[in-house]
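# Geometric and topological summary
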Amino acid sequence: MDEGGGDPLGLLCPVGWPEKLAVYRGGQTRVEESSRAIAGCFGGGQKRDWQCPHVRVLRVRLKILMADSEALSSHAGDPVAVEALLQAVFGIVVDEAIQKGTNASEKVCEWKEPEELKQLLDLELRSQGESQEKILEHCRAVIHYSVKTGHPRFFNQLFSGLDPHALAGRIITESLNTSQYTYEIAPVFVLMEEEVLSKLRALVGWSSGDGIFCPGGSISNMYAVNLARYQRYPDCKQRGLRTLPPLALFTSKECHYSIQKGAAFLGLGTDSVRVVKADERGRMVPEDLERQISMAEAEGAVPFLVSATSGTTVLGAFDPLEAIADVCQRHGLWLHVDAAWGGSVLLSQTHRHLLDGIQRADSVAWNPHKLLAAGLQCSALLLQDTSNLLKRCHGSQASYLFQQDKFYDVELDTGDKVVQCGRRVDCLKLWLMWKAQGSQGLERRIDQAFALARYLVEEMKKREGFELVMEPEFVNVCFWFVPPSLRGKQDSPDYHKRLSKVAPVLKERMVKEGSMMIGYQPHGTRANFFRVVVANPALTCADIDFLLNELERLGQDL
Ligand code: ABU
């Protein structure tokens, strides 16, 4: 009888646990209570083939699975130890991520090559747990080697800054760890989400409507496309793509790439996206939209949606919404406004004219995690619809979540409006920040961002070597840093090629020094240029001066 042969199903357990005999056969292991039963496994009866290669007898020590009288979570039954752990972690977070992470005299990032970083982080997950001291070291290392996006020298993305009230909201959200789908388990957040969405809708100009917080602007945009299609062809929910004619949607060449991704994801295909011309500032040209619609119809496609953008990703352009809404109205098309970046401008009495006409949209995507610094993620999809379109389009009536005979108003179970099941709570961080700042405080932040972007532009004009791509309309400031060796050489044949290499070199230098982070990109036929995003509410003129001085310092030998 072969009692060796390993432990194919991981049943061997530490010495001291009860020992049993088990038979491994046909890929399965079964514990047998008697030797008669074991023998039966080898053919039973007269002739037993103990050498059979497919059957083995194992001597196993079984962990008897029964409920433990103590909880298994770490520090079980020791609230003092739990508190000590969390106090220690929170102390590290406050010191390293919040204080140092937002202190201009600290580095914005601590660059390491990936192989070295893997070692420094000790990423391996082992069978034995580690001591609290080690765990705290890991927490410190995670923060130390992460990019500090709340730092005043982080100009890299369309989000930056660390609002303490929003952070408090995120901490409470994480601590409560609930899902937004039913009133039963998220009573506070169901009511709060509706309050926040209704406030955002009011800023768009709607006194009623619907909406939902989504996991990011891309998903908000995809929802809009799906809703527009469903509204026109409700059958497609059940019968799928075969019920549809070839469809066409329209957006400008400056739109966010999620429109193309969404077309692919929703089965429309990227060919269904008709790209409308943008003017020299990156704004959709309504006359070309009209032309594209006629062309699509002439080719046998059915236009159904226009996605305009308020705040394009690179240039920060605002499409002319009134003119686009007129085109949509003439052709009966759903108007979606991707205001993921620019939506927060609606809070500013001074600048909200950039979005004039947004009230005529059918849907709006707006990410308060960007310009309002609410924290990732906070992305609202807002709808003018009051006919329960979201729920009709996405609902599936799971009987174990959305029981219709609950003891409260089941309309509060908003989870069936979305394609997800579990959904993060994204409203509290915005709500708490809004409570603390008031709409006026948020408005001041928007106005300050515009003012600092203007300060940056005017300071650039005073210095040699800074060339604006264009006068900004928003808080994206796009420019070339022309290093000393290229100044006055605009007419040389390789100027464009050489200029393109400047931003990547400077980017590498700034990141490796940890002094600041600015994004760059090529754009159409334009050579690589920097895009500074002025979004962090903590920024001052001193940070802008630093940015300019630092670019001059980093690029003086180029
Ligand atoms: N959703 C576009 C964001 C990309 C950026 O931060 O530049």
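Look up: the structure comes first, before these words.
As a starting point, this report considers the structure included with it. (Residues numbered from 1 in each chain as written. Predicted model: local features only at pLDDT ≥ 70, side-chain atom pairs only at ≥ 80, totals over all residues. Heavy atoms only, no water.)

Okay, helix α2 (residues 79-99) next. For α2, which comprises 21 residues, the first-to-last C-alpha distance of 28 Å matches the rise-based estimate of 30 Å (1.5 Å per residue) to within 8%. Along α2, the sharpest kink reaches roughly 25 degrees, centred on valine 93. Of the residues making up α2, those classed as buried are Ala81, Leu85, Ile92, Glu96 and Ile98. Of the surrounding secondary structure, the elements contacted by the buried residues of α2 are α4 (132-144) and α5 (164-176). (Helix = DSSP H or I, 4+ residues; strand = E, 2+ residues; numbered from the N terminus. Expected span 1.5 Å × (residues − 1). Bend = angle between axes of the 7 residues up to and from the residue. Buried < 20%, exposed > 50% of the residue type's maximum accessible area, 1.4 Å probe, protein only. Contact = heavy atoms within 4.5 Å.)

Among the five residues that make up strand β5 (residues 210-214), five are buried, leaving the element largely enclosed by the rest of the structure. Neither face of β5 is exposed, since Asp210, Ile212 and Cys214 on one face and Gly211 and Phe213 on the opposite face are all buried. The pairing of β5 with strand β11 (residues 379-383) spans five bridges and is classified as antiparallel. Looking across to β11, one finds that isoleucine 212 is bridged to leucine 381. (Pairing = 2+ DSSP bridges.)

What follows covers the layout of surface pockets. Space inside the largest pocket adds up to approximately 600 Å³. Breaking the lining of the largest pocket down by element, the ones donating at least two residues are α2, α4 and α5. Residues that form the lining of the largest pocket fall into these classes: 13 nonpolar, eight polar and five charged. Counting only domains with at least three residues in the lining of the largest pocket, you end up with domain 1 (83-149) and domain 2 (179-397 + 407-424). (1 Å grid on protein atoms, 1.4 Å probe; cavity = no way out; pocket = protein on both sides within 12 Å on 5 of 7 lines; lining within 4 Å. Points joined across faces, edges and corners; volume = space filled by probe spheres on them. Nonpolar A, V, L, I, M, F, W, Y, C, P; charged D, E, K, R; others polar. Domains from an automatic or database assignment.)

With that settled, consider the pattern of salt bridges. What the rule picks out here adds up to 35 salt bridges. Of the charged contacts in the structure, one is a salt bridge between arginine 291 and aspartate 288, with a shortest N-O distance of 2.9 Å. Taken as a pair, arginine 291 and aspartate 288 lie in helix α10 (residues 286-298) at a separation of three residues, close to a single helical turn. Salt-bridge contacts for lysine 512 lead to glutamate 508; the nearest nitrogen and oxygen are separated by 2.7 Å. One end of the pair is lysine 512 and the other is glutamate 508, both in helix α15 (residues 502-513) and four residues apart, which spans about a single turn. On the basis of relative accessible area, lysine 512 is assigned to the partly exposed category, the value being 42%. (Salt bridge = Lys/Arg side-chain N within 4 Å of Asp/Glu carboxyl O.)

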